[in-house]
Amino acid sequence: SVGEGAKNKIGPVLNDVVGRQPGTFEGFAYSPAMVKFGEEHEAWTPELLDAFIADPRGTVPTTKMAFAGIKDDDDREDLIAYLVSISPDYVPAQ
């Protein structure tokens, strides 16, 4: 969920997800695979999100996420643009 008052549901709150370290949103029970992925990646970047959204299980093997992914490049680009827009603290690397 997103927005003011968002709560963890099937997934963690997505406010400020871009720039956040994967597997670290407080109060969400991540799979061990996602926790390990987070230990190996400093932050969700648009590029890392693109890979994950395209193929969640290929990017994070054994994740408990049941989402099959979004194969269409334009759909992923639109989704990631939205996620960036709700991540006001995200500053792209130079």
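What counts, and where the lines are drawn
- Residues numbered from 1 in each chain as written.
- Predicted model: local features only at pLDDT ≥ 70, side-chain atom pairs only at ≥ 80, totals over all residues.
- Heavy atoms only, no water.
- Helix = DSSP H or I, 4+ residues; strand = E, 2+ residues; numbered from the N terminus.
- Rg over C-alpha atoms; globule rule 2.2 N^0.38 Å.
- Buried < 20%, exposed > 50% of the residue type's maximum accessible area, 1.4 Å probe, protein only.
- Arc of directions from axis to C-beta.
- Phe/Tyr/Trp six-rings, centres within 6.5 Å; stacked < 30°, edge-to-face > 60°.

Draft legend 1. Expanded view of the overall build of the chain. For the chain, the helix and strand inventory stands at four helices and zero strands. When its helices and strands are written in sequence order, the chain yields α-α-α-α. Relative to the globule expectation of 12 Å for 94 residues, the C-alpha radius of gyration of the chain, 13 Å, shows essentially globular dimensions. Dimensions of the chain along its principal axes, counting C-alpha atoms only, are 30 × 30 × 25 Å. The proportion of buried residues among the 94 residues of the chain is 32%.

Draft legend 2. Broad picture of helix 1 (residues 32-40). Buried within helix 1 we find A33, M34, F37 and G38. Down the axis of helix 1, the smallest arc covering the buried residues is 140°, so these residues share one side. More than 90 degrees from the buried face of helix 1, the exposed residues found are P32, K36 and E39.

Draft legend 3. Just the packing of aromatic side chains, in detail. This structure, assessed with the given rule, holds three aromatic pairs. Taking the centre distance of 4.8 Å and the plane angle of 70° together, the rings of F28 and Y30 count as edge-to-face. On the basis of relative accessible area, F28 is assigned to the buried category, the value being 18%. Pairing F37 with W44 gives two aromatic rings, centres 5.6 Å apart and planes at 40°, and the pair type is tilted. Here the aromatic cluster, defined as three or more aromatic residues joined through ring pairs, consists of F37, W44 and F52.

Draft legend 4. Fine view of unusual backbone geometry. With a phi close to 60°, D16 is a non-glycine residue in the positive phi region. Note on placement: D16 falls in the segment before helix 1. For D16, a relative accessible area of 32% gives the class partly exposed. Positive phi, close to 70°, is recorded for T62, a residue that is not glycine. Here T62 shows up in the loop between helix 3 (56-59) and helix 4 (73-85). Residue classification places T62 among the exposed residues on the basis of a relative accessible area of 66%.

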